[in-house]
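As a plain string of letters, each chain reads:
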Protein chains: 2
Amino acid sequence: MNGPDRWPPLPRLTAAHVPLTRDVLVVSADGSRRQVPLAAERALTLYVDRQELVTLMTLGQEPELLALGYLLNQGLVASATEIESITVDWDVAAAAVHTRHGVSGLAERLARRTVTTGCGQGTVFGDWLDRVPPLPPATQDAGSVEHAVLVQLLDAMRALPSIHREAGSVHGTALWQVQQAQQAQRESGGLGAAGEPQMLVHVEDVGRHNAVDTVAGWMAMEGVAGEGCWLYTTGRLTSEMVLKAAQLRIPLVVSRNGATAMGQQLAEQLHLTLIGRAGGGRYLCYSGAERLRLATD
Amino acid sequence: MNGPDRWPPLPRLTAAHVPLTRDVLVVSADGSRRQVPLAAERALTLYVDRQELVTLMTLGQEPELLALGYLLNQGLVASATEIESITVDWDVAAAAVHTRHGVSGLAERLARRTVTTGCGQGTVFGDWLDRVPPLPPATQDAGSVEHAVLVQLLDAMRALPSIHREAGSVHGTALWQVQQAQQAQRESGGLGAAGEPQMLVHVEDVGRHNAVDTVAGWMAMEGVAGEGCWLYTTGRLTSEMVLKAAQLRIPLVVSRNGATAMGQQLAEQLHLTLIGRAGGGRYLCYSGAERLRLATD
């Protein structure tokens, strides 16, 4: 974990806040009128050392962590410590990123982009696939997946208060610390209080990629490594989602949604355990099933 | 409509085909193993006059129409007739677009991009918002929305065979011709065979923006105007979806999903009727309710 006198220091972040929903008058099929909350969607333009990089459409929950995670996940900076400060000003819809020593080759990297689909903010740089090394092979060691812990996580996510529950039209992503929980589960044969998986952070956004980028920003600021964690998402398991998780060294991604064939293929190559269609105690494991300890085992 | 001796001529398109699903072996929570089909996701790089423009991640259903619709919706070409040919070769994952007279200012336009979120292919150009004029104000004229026609459309979409039903993890978009159907509905007081709304095209893709871009490409090739049509989508109604529909002059967009606050606000500004959470005879109208003729009217 990071202390206050860590060197090199972490970036200074503002804590900009905006309303995350807006009430709108709607007309129902029966002609009745009522107010419903809708999820906010707003533009946030990232400037890196005064150079315009990209405009993200976002809910606006944690804009500083989103900016940081975006830069990390796109490989524009290798570490949060390369950044001196991130200043978000919603009045001008801007996140001003100041680096300590500049970003090498920023212009060249901007020239070549991949626009992706799935459900997300889209842009990755063409060399991304080459940058992500595979995770350790999936085995039933300390990183194995206990069925009971997975079900507990899914139940907790379903019960969580959220913008999605209030207003819909957002995707959620949560990072869970599970290694200690699983250790306790194996030792006691059941889940004690000490054995419960712990949700570290929960982020919602209009794009599922923004949500996972924000989680990446949070991990960088808190000094949390992905190895002992699982990533929960409400979104589809496309190629980009798998790549981002592998880049964060998170060995398991679980979604209540399904996977694409390319998401499955990449997960297999990168030794990532990919679980979808999860809910109500059921799920499908698309890859890395070697990590699973099922209820029937 | 476009005839074979239309001048200037429409672009020549290849008709590249690839499998849209792939069977994968999955493990269920109860330990059973089975094959399930997953939706394909593949990269398609667009080259315009040999210059690399963008790489889209797509299902691959209608890649030529996707490329055409992307160029139109991004405002890179004003008309399909500016393009001589689009050649898709899946072996090299490329769509080669040849224009008749080049694209003016392509390099400059590439320099400034907006990466958006929602659930989609993402990139729009920064000047997009300025390019889309509002639709005619919503009134109960020939363009009004009959409740019975809307419900019939929703029922038909639910019953439609689809990759989504087979493999999940894709979004669908359909263009419906409704003006004649509504005219008949008003004259007869009920829906006859002649009064049924007609589905013109149905496209699925891993990104909902790819799907609507492909519909735009289809409209350009077939010479179909948006005015008498409605757009159905399974995706969320975000700002970009509303902008694309307004650009196509389609006065109504309906989704089984919800809207963001910005999607609603733009729809209001552009006089677009925006309907979400649609299914089972129920829906919410977020904007342009002046067009609605409800069952209770």
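Residues numbered from 1 in each chain as written. Chains lettered and ligands numbered in written order. Predicted model: local features only at pLDDT ≥ 70, side-chain atom pairs only at ≥ 80, totals over all residues. Heavy atoms only, no water.

**With respect to the side chain of Asn-210 of chain B**
All names here are of chain B. Of note, Asn-210 is situated in helix α7 (residues 208–222). Residue Asn-210 is classed as buried on the basis of its relative accessible area of 0%. Looking at Asn-210, its side chain comes within polar contact range of the main-chain oxygen of Met-57, at 2.8 Å. (Helix = DSSP H or I, 4+ residues; strand = E, 2+ residues; numbered from the N terminus. Buried < 20%, exposed > 50% of the residue type's maximum accessible area, 1.4 Å probe, protein only. Polar contact = N/O pair within 3.5 Å; in protein donor to acceptor, adjacent residues only side chain to side chain.)

**Structural notes on the sheet that holds strand β1 (residues 12–13) of chain B**
All names here are of chain B. Taken together, 5 strands build an open sheet; the order of strands is β1-β6-β7-β4-β5 and the sheet is mixed. Of all the strands in the sheet, the pair left with one neighbour each is β1 and β5 (51–58). Two elements, β1 and strand β6 (residues 83–89), share 2 bridges in a ladder whose sense is parallel. Directly across from Leu-13, in β6, lies its bridge partner Ile-86. (Pairing = 2+ DSSP bridges.)

**Regarding the nonpolar core**
Of all hydrophobic cores here, the largest spans 64 residues; its most connected members are Leu-46, Leu-53, Leu-71, Leu-175 and Leu-274 of chain B. Residues Tyr-70, Ala-211, Met-221 and Val-253 of chain A belong to the second largest nonpolar core, which totals 63 residues. (Core = buried A, V, L, I, M, F, W, Y, C linked by side-chain atoms within 4.5 Å.)

**Some remarks on unusual backbone geometry**
For Ser-169 of chain A, which is not glycine, the phi torsion reads 60° and is therefore positive. With respect to the helices, strands and loops of the structure, Ser-169 of chain A is situated in the loop between α5 (163–167) and β11 (171–177).

**Digging into the packing of helix α1 (residues 63–73) of chain B against α7 of chain B**
All names here are of chain B. For the pair α1 and α7, interaxial distance at closest approach is 7 Å and the crossing angle is 90°. One element, α1, and the other, α7, form an angle in the roughly perpendicular class. The residues of α7 that touch α1, namely those facing Leu-65, Leu-66, Leu-68, Gly-69, Tyr-70, Leu-72 and Asn-73, are Asn-210, Val-212, Asp-213, Thr-214, Ala-216, Gly-217, Trp-218, Ala-220 and Met-221. Partitioned by chemical class, the residues of the contact of α1 with α7 number 10 nonpolar, 5 polar and 1 charged. (Axes fitted to C-alpha atoms, helices over the stretch in contact; angles between N-to-C directions. Parallel < 35°, antiparallel > 145°, perpendicular 65-115°, else oblique. Contact = heavy atoms within 4.5 Å. Nonpolar A, V, L, I, M, F, W, Y, C, P; charged D, E, K, R; others polar.)

**Concerning the confidence of the model for chain A**
Residues and elements named next belong to chain A. Chain-level statistics for chain A give a pLDDT mean of 86 and a share of 83% at 70 or above. Low confidence marks residues 114–126, where pLDDT is under 50. Its contacts with residues over four positions away, or in another chain, come to 84 contacts. Among the prediction metrics, the complex's ipTM stands at 0.87, with pTM recorded as 0.89. (pLDDT = per-residue confidence, 0-100.)

**With respect to α1 of chain B**
With respect to burial, α1 of chain B is a largely interior element, 11 of its 11 residues being buried. Restricting attention to buried positions, one finds in α1 of chain B the residues Pro-63, Glu-64, Leu-65, Leu-66, Ala-67, Leu-68, Gly-69, Tyr-70, Leu-71, Leu-72 and Asn-73 of chain B.

**Describing the pairing of strand β4 (residues 42–48) of chain A**
For a regular strand, side chains alternate in direction, first toward one face of the sheet and then toward the other. Residue and element names in this part refer to chain A. Burial within β4 is extensive, with 5 of its 7 residues counted as buried. The pairing of β4 with strand β5 (residues 51–58) spans 7 bridges and is classified as antiparallel. Paired with Val-48 across the two strands is Gln-51, which belongs to β5. Where β4 folds back on β5, the antiparallel hairpin that results is connected by 2 residues, among which Asp-49 adopts a positive phi of roughly 50°. As judged from the 4 bridges shared by β4 and strand β7 (residues 94–99), these two strands associate in the parallel manner. Among the inter-strand pairings, Val-48 is bridged to a residue of β7, identified as Val-97.

**Quick word on the sheet that holds strand β14 (residues 252–255) of chain A**
Taken in spatial order, the 8 strands make up an open sheet running β12(A)-β11(A)-β13(A)-β14(A)-β15(A)-β16(A)-β2(B)-β3(B), and their pairing is mixed. Taken across any chain shown, the strands that pair with only one partner, and hence form the sheet edges, are β12 (198–205) of chain A together with β3 (33–39) of chain B. The sheet shows a mean angle of 30° between the axes of neighbouring strands, taken without regard to direction. The sheet contacts of helix α4 (residues 147–159) of chain A involve β11, β12, β13 (229–233), β14, β15 (273–279) and β16 (282–287) of chain A, and relative to β13 of chain A the element is tilted by about 40°.

**Focus: the environment of Ser-169 of chain A**
By relative accessible area, which is 2% here, Ser-169 of chain A ends up buried. For Ser-169 of chain A and Glu-204 of chain A, which are 35 residues apart along the polypeptide, the C-alpha to C-alpha distance reads 9.9 Å. Excluding anything up to four places from it in sequence, Ser-169 of chain A contacts His-164 and Val-206 of chain A together with Arg-236, Gly-258, Ala-259, Thr-260 and Arg-277 of chain B. Polar side-chain contacts of Ser-169 of chain A include one of 3.3 Å to the backbone oxygen of Gly-258 of chain B.

**Thoughts on the packing of aromatic side chains**
Aromatic ring pairs are reported here in terms of the distance separating the ring centres and the angle at which the planes meet. Counted under the stated rule, the structure contains 0 aromatic pairs over all chains. A cation sits over an aromatic face here: Arg-42 of chain A above Trp-90 of chain A, 5.4 Å from the ring centre. (Phe/Tyr/Trp six-rings, centres within 6.5 Å; stacked < 30°, edge-to-face > 60°. Lys NZ or Arg CZ within 6 Å of the ring centre and 35° of its normal.)

**Here's the deal with the domain arrangement of chain A**
Think of interface size as the accessible area that goes away when the parts come together; that is how it is often given. All names here are of chain A. Domains assigned within chain A are domain 1 (12–131) and domain 2 (145–293). Listed per partner, the contact involves 34 residues of domain 1 and 31 residues of domain 2. Across the domain 1/domain 2 interface, buried area totals approximately 2500 Å², and carbon plus sulfur atoms make up 61% of it. Where domain 1 touches domain 2, the interface holds 0 salt bridges. One can count 5 residue pairs in polar contact (both at pLDDT 80 or more) joining domain 1 with domain 2. Where the side of domain 1 that touches domain 2 is concerned, the elements lending two or more residues are β3 (33–39), β5, α1 (63–73), β9 (123–125) and α3 (128–131). The dominant element in the side of domain 1 that touches domain 2, judged by the number of residues it contributes, is α1, at 7 residues. For the side of domain 1 that touches domain 2, the per-class residue count stands at 19 nonpolar, 12 polar and 3 charged. (Domains from an automatic or database assignment. Buried area = accessible area lost by both parts, 1.4 Å probe. Salt bridge = Lys/Arg side-chain N within 4 Å of Asp/Glu carboxyl O.)

**Observations regarding the environment of Ala-78 of chain A**
Residues and elements named next belong to chain A. The topology assignment puts Ala-78 in the loop between α1 and β6 (83–89). For Ala-78, a relative accessible area of 70% puts it in the exposed group. Considered as a pair, Ala-78 and Met-199 are 121 residues apart in the sequence and their alpha carbons are 26 Å apart.

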